[in-house]
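Here is how the chains run, residue by residue.
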Amino acid sequence: MITPNDIATKDFKKVAVGYSPEEVDTFLDDIYEDYERLYKESLKEKTKVETVAEETDRFKNLEKSIERTLSFAESAAAETKAAAQAEAESILSAAKTQAAEIISAARTKSYELEQEIAALESRYELMKTRVKLLLYAEIELLDKNEILAEKEANAETTK
C-alpha cells in the first residue's frame, strides 16, 4: 500500500518534452493532502473496526457465559423443584401416617371411654337398686317400729 510519505518523496525523471513540473508538483501536493487525510481516516476506522471486533468477541463470550449460567440455573431450578416435590410427598406421607395414628388412638380412647361409661352406668344402676332396697328396708323397719310402738302404747293403756 502506498503511504502519504511515498507520495511526498516520489521524484520523477525530468525530460525535455513533458508536463509542467510546477503543475505536477501542485497536483501531487493536492493528492498528498487528500491521500494523507484518507489514510489517517482509514487508520482510525481500522482501529474502530478492531475495537468493535474486540467488543463483539467480548459480547459473544459474555453471551456464552450467560447461556451457561442460564442452563445451570434451569437445571438447578429443576433439581430444586424435584427435591421440593419429593420433600412435599414425604411430608404428606408422614402427615397421613400421623393422622391415621391419631385417628386410631382417638378410636381406641373413644372405645375405652364408652366402656367406662357403660361400667359407670352399670354401677349407678346397681347402687340405685341397693339404695332403693336399703330405703325399702328402712321404711319397713320404721313401719315395724311404729306398729310395735302402737302395740306397746296400747298395752300400757290397757294395763
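Note that the structure is a prediction, hence the values are computed from the model and not measured. Every chain's residues receive numbers from 1 upward, in the order its sequence appears when written. Residue-level local features of this predicted model are given only where pLDDT is at least 70; pairs of side-chain atoms are given and counted only at 80 or more, and the full residue set underlies all totals for whole chains, interfaces and linings. The basis for every side-chain value is the complete set of heavy atoms in the structure, and neither hydrogens nor water enter the calculation.

Draft legend 1. Structural detail: the environment of Leu62. To qualify as a helix, a DSSP run of H or I must reach at least 4 residues; to qualify as a strand, a run of E must reach at least 2; elements of each kind are numbered from the N terminus. Tracing the sequence through the fold places Leu62 in helix H2 (residues 21-158). Residue class for Leu62 comes out partly exposed when judged on its relative accessible area of 40%. Exposure is judged per residue with a 1.4 Å probe applied to protein chains only, and the accessible area is read against the type maximum: over 50% gives exposed, under 20% gives buried, and values in between give partly exposed.

Draft legend 2. Fine view of a negative patch on the surface. On the surface, Glu22, Glu23, Asp25, Asp29, Asp30, Glu33 and Asp34 cluster together into a negatively charged patch. The residue Asp25 is located in helix H2 in this model. You can call Asp25 partly exposed: its relative accessible area is 44%. Only residues whose relative accessible area exceeds 30% and that form no salt bridge enter a patch; like-charged residues are grouped when within 9 Å of one another, and nonpolar side chains (Val, Leu, Ile, Met, Phe, Trp, Tyr) when within 5 Å. Residue burial considers only the protein chains on display, and all accessible areas are found by Shrake-Rupley using a 1.4 Å probe. In what follows, salt bridge is the name for a side-chain nitrogen of Lys or Arg lying within 4 Å of a carboxyl oxygen of Asp or Glu. When charges are counted, Lys and Arg contribute as positive and Asp and Glu as negative, whereas His and the chain ends are disregarded. The atoms used to mark charge sites are NZ of Lys, CZ of Arg, CG of Asp and CD of Glu.

Draft legend 3. Local environment of a nonpolar patch on the surface. Where nonpolar side chains cluster on the molecular surface, the patch consists of Val131, Leu133, Leu135, Tyr136 and Ile139 and spans about 520 Å² of accessible area. Checked against the element boundaries, Leu135 lands in helix H2.

Draft legend 4. Highlighting the environment of Glu22. On the secondary structure map, Glu22 appears in helix H2. We classify Glu22 as exposed; its relative accessible area is 56%.

Draft legend 5. Region of the structure containing the packing of aromatic side chains. What counts as a ring pair is set by centres within 6.5 Å for rings of Phe, Tyr and Trp (its six-membered ring), and what kind of pair is set by the plane angle: stacked under 30 degrees, edge-to-face over 60, tilted for all other angles. Going through the model one piece at a time under the given rule, you end up with one aromatic pair. Geometrically, the ring pair formed by Tyr35 and Tyr39 is stacked, given 6.3 Å between the ring centres and 25° between the ring planes. A residue pair is termed a helical-turn pair when its members lie 3 or 4 positions apart in one helix, as Tyr35 and Tyr39 do in helix H2 at four residues. Relative accessible area serves as the criterion here: at 24%, Tyr39 is assigned to the partly exposed category. Each ring is checked for a lysine NZ or an arginine CZ that lies within 6 Å of its centre and within 35 degrees of its normal; such an atom marks a charge sitting over the ring. Above the face of the Phe59 ring, Arg58 is positioned so that its terminal group lies 4.9 Å from the ring centre.

Draft legend 6. Just the pattern of salt bridges, in detail. Evaluation of the coordinates by the stated rule reveals four salt bridges. The closest approach of N and O atoms between Glu36 and Lys40, which form a salt bridge, is 3.8 Å. You can see Glu36 and its partner Lys40 sitting in helix H2, four residues apart, about one turn around the helix. Residue Glu41 pairs with Arg37 through a salt bridge whose shortest N-O separation is 3.4 Å. Remark: Arg37 and Glu41 occur in helix H2; sequence separation between them is four residues, near one turn of the helix. Classification of Arg37 by relative accessible area gives partly exposed; the value is 42%.

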